[in-house]
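# Per-entry structural report
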Amino acid sequence: MEHGASHIAELVWVITGLLLIAAGTLAFTKYIKIPFTVALVIVGIALAYLAEGGPHFLRPIVEYQISPEIILYIFLPALIFESAFNIDARQLRQNLLPILTLAIPGLLLSTFLIGAFIWVVTSIIFSATIPLPAALLLGAILSATDPVAVIALFKQLGAPKRLTILVEGESLFNDATSIVTAKIILAVALAGYFTTGTAVGGVIEFFIVFSGGILVGWVAAIIVGLILGRVESDQYIEISLTTILAYFSFLLAEEVFHVSGVMATVAAGVTMGGWGRTKISPSVAGYLEHFWQYMAYVSNALIFLLVGLRVDLSSLVNNIGLVLVVLMAMLISRMAVVFGLVPIVGKLPNSQPISKGYQTIMYWGGLRGAIALAIVLHLPGDFVYAEAFVAVVMGAVLFTLLVQGLTMGKLVGFLGLDKPSLSDRLSKAEGILSAKRLAQVRIPELQAGGFFSARISNMMQERYDKGIQQILKEINTLHKSELDSKEEYRLMFLRSLSLEKSRYYEMFTKGYLSESAYRDLDHSINVQIDSLRDSGNVPAYTIYPTREKYFVNTLIRFVEMLRGLTFILEQIRSRQIYMDYEKAWGRHQGSKKVLEEFDEILKTESLRPEAVAKVREHYEHWSAAARKRIDATTEQFPEFVTSMQERLAARLALHAEREAIDEKTHAGSIPGGVAETMLDELVEELRDLRGSEVKELHVEPTELLRKVPFFQEMPLEEFTGVANKLQQSTFPSGRTIIKQGEKGHSLFLIARGVVRVSRREKDMDRDLATLMAGDFFGEMALLHHEPRTATCKAVSPCALYELRQEDFDKLCKKYPLILKALEKTDRERAEKLH
């Protein structure tokens, strides 16, 4: 018992000591401007030698032996999840081809080149040749990159975002590739033989393990995301769920399904950082980011300090020949992969070329670190080269950190990649301008509160006036000297989109927008930003893409075939109308905010009128189109819009109540325990509002008595019997109701909305008619038992009543006047077709 307590006390002492040293090192690096992880290794080496004849209290820290399982199962999931969660998912998707090329075929090529080089050179120079399987294993271990120091440097220097994504993305994916490849090669090396069947089996196993890990992580993230969506502003639960996701996905993949735990954590992190980010409560998002940043800091600090403490310089000296061979092999293989594969990928369709400068940074930035050490320390004791490989890998890690890591800043500067882009410089200047203006507005408020005298207030006003004029001068100089009309239009548009994006996030956090509407609007802005950056143009569809419409139409037609799922169909259609209305309302508010900002910008900045006019034209068009959608829904379904507005008002009121309670609590007016109970009650009400289902849009069948001509003479009692056979269907604007050439089984009567009838002739669509409330369509297919002769599409949100073939036949038999009216209309429409 005493021994166990002593061991725990020693462990706590070691961790506390390491964290204290790490904090001191971090503070020191802010003055000497070297990467934190590089400084940790240097400090670790220095401490190891100080402890030999130095202070006694350092010995437990220096003598502590890190277990490879700790790196793999504790530190690694935290590092990978934090990196994957914070990586830009859109940029990752856009650059996925070069990243995967480097991470999979690139790593396999690197493994082969390092292994073959070591095998050949050791057979020529050294007396003892390293067998090819063992050399390939060393190649797999040393092919995994760990660019923590490089990414930190990129952030300090303001390096281009795409360069950061390429380097960080490659590391995320090749970690998994390296671990899987090393496991397969180790099995061959221990078996002592290699066959074609072994190679084929290894390739199959690799892809199963790699893709299986992605699937496990994605499913785990979806489940956790759905749970998070039901939690409202609880930082403890939400942070706990993401922590569980990071470790559970890793363990589930590794221990249960025997696939790649690293890829599972990568997939979980990327999914949660993209799709799942809107599931996290806005009030918790900041806490969550800080938590994972701290987790990554602790993991990196402990790993790289322990690396430095573990370095055995005498062992490195004894293996210096092999270390030099390995370093040469690493540099040659990295050169072949980056300068050989990356240019080829850049020439493929839909792939952006990567400049030579970027390639050079990717080459020199291929540092090695935690993954390589974890794999080599995890080698079994009966492996002959285990001890030698530990020394060699340690030497390789030290070289990349101390040589490549410390020279990276100078290389970035030499290549001119540390200079921010024009858009970044403008964004920085505009950010400073906004901050100074806000501060200037606050000065009279502070003076009124008695914080300082009028003399100081006037002095501060003059100082800020000069500062604002100086920033405006810089902005105008940038516009005139470095911007042509086309580039100014692009940057003006990007600036407007950024403002619109921030407006949507503000509306989401305040409860104005639902999660689904916010996600679609945010995605729309991201697509437009990407398109402007890549091609300088705005895409035709963002919020209402044709591909999405096609998918939803296909889903609806599939559900239509399942007769018993009509209620689900109505839920889908009602939700579409709801979402269309909410997105149109959000787009209108976002466009309005941008147009208001234009007026302020033009007062203070010298911009080309044609650039501003083009951007303004887009926003005025979007605002008008959104207003038109809002008005169409309001006109056709006023009770539905009223219900939505009531729901929005309730959300806003609850958010206002929560803000008021928070303010009173901070002021001390409400005791903490009472405030917590009150907030819990509000959270429950917000959850109910957010989780409530969209109700079906219901229109009373009696409306048809006033609108459909052949029902107007029918007595109410008889119409009630007919109404029981009618089935209501709702369609959002733009949705196809019936399609030319399809077999028809129903007649549709319009209760509310506008429907356009068109016919495909000689590869062109010809509009035949516009139908409104009281009209009907689809009767031709029922009267003649032929395919549909035209396509009918909802121009506005529509409420229709559907009468199926069997009920139609009974109704016409019972009421011949209805049949005559339908036949008359049929003849008139047939004449128009011909």
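What you see is a predicted model, and the numbers here were worked out from it, not measured in a lab. (Residues numbered from 1 in each chain as written. Predicted model: local features only at pLDDT ≥ 70, side-chain atom pairs only at ≥ 80, totals over all residues. Heavy atoms only, no water.)

### Quick word on the overall build of the protein chain
We apply this condition: Strands here mean DSSP runs of E at least two residues long; helices mean DSSP runs of H or I at least four residues long; both are numbered from the N terminus. We call a residue buried when its accessible area falls under 20% of the maximum for its residue type, exposed when it is over 50%, and partly exposed in between, using a 1.4 Å probe and counting protein chains only. Whether two residues touch is decided by their heavy atoms; if any such pair falls within 4.5 Å, the residues are in contact. Areas reported as accessible are Shrake-Rupley estimates using a 1.4 Å probe. Residue values count occlusion only from the protein chains shown.
Helix and strand counts for the protein chain stand at 33 helices and eight strands. Within the protein chain, the fraction of its 834 residues that count as buried is 50%. Restricting to contacts in the protein chain with at least 6 residues of sequence separation, those with at least 24 account for 80%. Carbon and sulfur atoms form 61% of the exposed surface of the protein chain, whose accessible area is close to 40600 Å².

### A short note on a negative patch on the surface
For the record, the criterion: Surface patches are defined over residues having more than 30% relative accessible area and no salt bridge, joining like charges when they lie within 9 Å and nonpolar side chains (Val, Leu, Ile, Met, Phe, Trp, Tyr) when within 5 Å. The salt bridge definition used is simple: a Lys or Arg side-chain nitrogen within 4 Å of an Asp or Glu carboxyl oxygen. Just so you know, the count uses Lys and Arg for positive and Asp and Glu for negative, and it drops His and the chain ends. Every charge is mapped to an atom, namely NZ of Lys, CZ of Arg, CG of Asp or CD of Glu.
The grouping of Glu-657, Glu-676, Asp-680, Glu-681 and Glu-685 at the surface amounts to a negative patch. Ranked by residue count, the leading element in the negative patch is helix α28 (residues 672-691), at four residues. Along the chain, Glu-676 falls in helix α28.

### Considering the nonpolar core
How we decide: In this text, buried Ala, Val, Leu, Ile, Met, Phe, Trp, Tyr and Cys residues form a nonpolar core when linked through side-chain atoms within 4.5 Å.
Ile-118, Phe-173, Met-362, Leu-379 and Val-393 are the most contacted members of the largest nonpolar core, which totals 119 residues. Beyond its immediate stretch of four places on either side in the chain, Phe-173 contacts Leu-92, Leu-96, Ile-99, Leu-100, Ala-103, Phe-210, Met-263 and Val-266. In terms of nonpolar packing, the next biggest core, distinct from the first, is built from 40 residues, Ile-475, Met-507, Phe-508 and Tyr-518 among them.

### Examining the environment of Leu-40
Relative to the elements of secondary structure, Leu-40 occurs in helix α2 (residues 36-53). Residue Leu-40 is classed as buried on the basis of its relative accessible area, which comes to 0%. Once you skip the residues sitting within four places of it in the chain, Leu-40 turns out to touch Ala-22, Thr-25, Asn-300, Ala-301, Phe-304 and Leu-305.

### Regarding the packing of helix α4 (residues 68-86) against helix α12 (residues 235-256)
For the record, the criterion: The axes are straight lines fitted to the C-alpha atoms, using for helices just the contacting stretch, and the angles between their N-to-C directions are given from 0 to 180°. Geometric relationships in this document are graded by angle, where less than 35 degrees denotes roughly parallel, more than 145 denotes roughly antiparallel, 65 to 115 denotes roughly perpendicular, and other angles denote oblique. In a left-handed crossing the near helix is turned counterclockwise from the far helix by less than a right angle, and in a right-handed crossing that turn is clockwise. Asp, Glu, Lys and Arg are counted as charged, while Ala, Val, Leu, Ile, Met, Phe, Trp, Tyr, Cys and Pro are counted as nonpolar; the rest, among them Gly, fall into the polar class.
Relative orientation of the contacting elements α4 and α12 amounts to 120 degrees, with a least axis distance of 10 Å. Classed by the angle they form, the pair α4 and α12 counts as oblique. Of the two elements, α4 crosses α12, and the hand of that crossing is right-handed. The segment α4 lies against α12, with Leu-72, Tyr-73, Ile-74, Pro-77, Ala-78 and Phe-81 engaging Thr-242, Leu-245, Ala-246, Tyr-247, Phe-250, Leu-251 and Glu-255. Looking at the contact of α4 with α12 residue by residue, the class counts come to eleven nonpolar, one polar and one charged.

### Looking at the environment of Ala-140
Within the element layout of this structure, Ala-140 appears in helix α8 (residues 132-141). Beyond its immediate chain neighbours, meaning those up to four positions away, Ala-140 contacts Thr-111, Ser-178, Thr-181, Ala-182 and Ile-185.

### Some details on the sheet that holds strand β5 (residues 764-771)
For the record, the criterion: Note on pairing: two strands pair once DSSP finds at least 2 bridges between them.
One open sheet holds the four strands; their spatial order is β2-β7-β4-β5, and the pairing between them is antiparallel. A single partner strand is all that each edge strand has here, and the edge strands are β2 (736-738) and β5. Taking the axes of each pair of neighbouring strands and ignoring which way they run, one obtains an average angle of 35 degrees across the sheet. In this structure, strand β4 (residues 755-761) lies alongside β5, joined through seven bridges in antiparallel fashion. Of the residues in β5, the one forming a bridge with Arg-760 is Asp-765.

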